[in-house]
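These are the residues of each chain, in order.
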Amino acid sequence: QVQLVESGGGLVQAGGSLRLSCAASGRIISINYMSWYRQAPGKQRELVADITSGGTINYADSVKGRFTISRDIAKNTVYLQMNDLKPEDTAVYYCNNRAAAWGRVGNYDYWGQGTQVAVSS
């Protein structure tokens, strides 16, 4: 019902920047929550940042002051601007939306396919 397509990952040197995008499409009624997670090799997936439908934003302590989450409601797109990247930010980054879609009752979590971010020292 809802498809998420991520883009913007890549290889960057420490101190550099990347901007991730996640565009949602499909039979969307509303998107109530948008977030970015990441999973490093051998580690559990962790929340990086999220934004509610009311605009409340939350960041993991490890990225505060360096990452910025934003959204374009008209485009059903969420962004993650990542500045001052560190080697420990290396991970696969996943977009997550909690949305209501036609043909399915209630809100469900949808995930993107993931985009690799690699930061060299």
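The structure presented is a predicted model; accordingly, all values stated were derived computationally and were not measured.

Asks: In this structure, what is going on with the pairing of strand E9 (residues 91-101)? I would like to understand it.
Replies: Consecutive side chains of a regular strand alternate in pointing toward one face of the sheet and then the other. Within E9, nine of the eleven residues are buried, which leaves the element mostly enclosed by the surrounding structure. Here ten bridges tie strand E4 (residues 28-39) to E9, and the two strands are oriented antiparallel to one another. Looking at E9, one finds that Met 34 is bridged to Asn 97. Pairing of E9 with strand E11 (residues 115-120) involves three bridges; the strand directions are antiparallel. Each bridged residue has a counterpart across the sheet, and for Ala 91 the counterpart in E11 is Val 117. Direction of pairing for E9 relative to strand E10 (residues 104-111): antiparallel, over a ladder of six bridges. Bridging across to E10, Arg 98 finds its partner in Asp 109.

Asks: Would you mind going over the state of the cysteines with me for this structure?
Replies: What we call a disulfide is simply a covalent bond connecting the sulfur atoms of a pair of cysteines. Scanning the model with the defined rule gives one disulfide in all. Between the sulfur atoms of Cys 22 and its disulfide mate Cys 95 the distance is 2.0 Å. One quick way to see it: the torsion about the S-S bond of Cys 22 and Cys 95 is about -75 degrees, and its sign makes the bridge left-handed. Note that Cys 22 is positioned in strand E3 (residues 18-26) and Cys 95 in strand E9, a separation of 73 residues in sequence. Of the two residues, Cys 22 and Cys 95, neither departs from the other in class, the shared state being buried.

Asks: Looking at this model, I keep getting lost on the environment of Ala 23. Mind explaining?
Replies: If you trace the backbone, Ala 23 turns up in strand E3. For Ala 23, a relative accessible area of 32% gives the class partly exposed. A C-alpha to C-alpha distance of 9.4 Å links Ala 23 and Asp 72, two positions 49 residues apart in sequence.

Asks: Please clarify how the packing of aromatic side chains should be interpreted in this entry.
Replies: Between two aromatic rings, the relevant description is the distance of the centres plus the angle of the planes. Inspection of the entire model under this criterion finds one aromatic pair. Above the face of the Tyr 94 ring, Arg 45 is positioned so that its terminal group lies 3.8 Å from the ring centre. In this arrangement the basic side chain of Arg 104 is found over the ring face of Tyr 108, its NZ or CZ atom lying 3.5 Å from the centre.

Asks: Mind showing me how you'd approach the nonpolar core here?
Replies: Nonpolar side chains tend toward joint burial in soluble globular proteins. One finds Trp 36, Leu 80, Met 82 and Tyr 93 to be the most contacted residues of the largest nonpolar core, which totals 31 residues. Mapped onto this core, the elements with two or more residues apiece are strand E1 (2-7), E3, E4, strand E5 (46-52), strand E7 (67-72), strand E8 (77-82), E9 and E11. Top contributing element to this core by residue count: E9, with five residues. Those residues in contact with Met 82, other than ones at most four positions away along the chain, are Gly 16, Ser 17, Leu 18, Leu 20, Arg 66, Phe 67, Tyr 93 and Val 117.

Asks: Looking at this structure, how should I read the pattern of salt bridges?
Replies: When charged atoms on two side chains of opposite charge get close, those side chains can pair. Inspection of every chain in the model, using the stated rule, returns five salt bridges. Close ionic contact of Arg 38 with Asp 89 constitutes a salt bridge, the shortest N to O distance being 2.9 Å. Residue Arg 38 is located in strand E4, and its partner Asp 89 is located in the loop between E8 and E9; the two are separated by 51 residues in the primary sequence. For Asp 89, a relative accessible area of 1% corresponds to the buried category.

About the thresholds
- Residues numbered from 1 in each chain as written.
- Predicted model: local features only at pLDDT ≥ 70, side-chain atom pairs only at ≥ 80, totals over all residues.
- Heavy atoms only, no water.
- Buried < 20%, exposed > 50% of the residue type's maximum accessible area, 1.4 Å probe, protein only.
- Helix = DSSP H or I, 4+ residues; strand = E, 2+ residues; numbered from the N terminus.
- Pairing = 2+ DSSP bridges.
- Disulfide = S-S within 2.5 Å.
- Phe/Tyr/Trp six-rings, centres within 6.5 Å; stacked < 30°, edge-to-face > 60°.
- Lys NZ or Arg CZ within 6 Å of the ring centre and 35° of its normal.
- Core = buried A, V, L, I, M, F, W, Y, C linked by side-chain atoms within 4.5 Å.
- Contact = heavy atoms within 4.5 Å.
- Salt bridge = Lys/Arg side-chain N within 4 Å of Asp/Glu carboxyl O.

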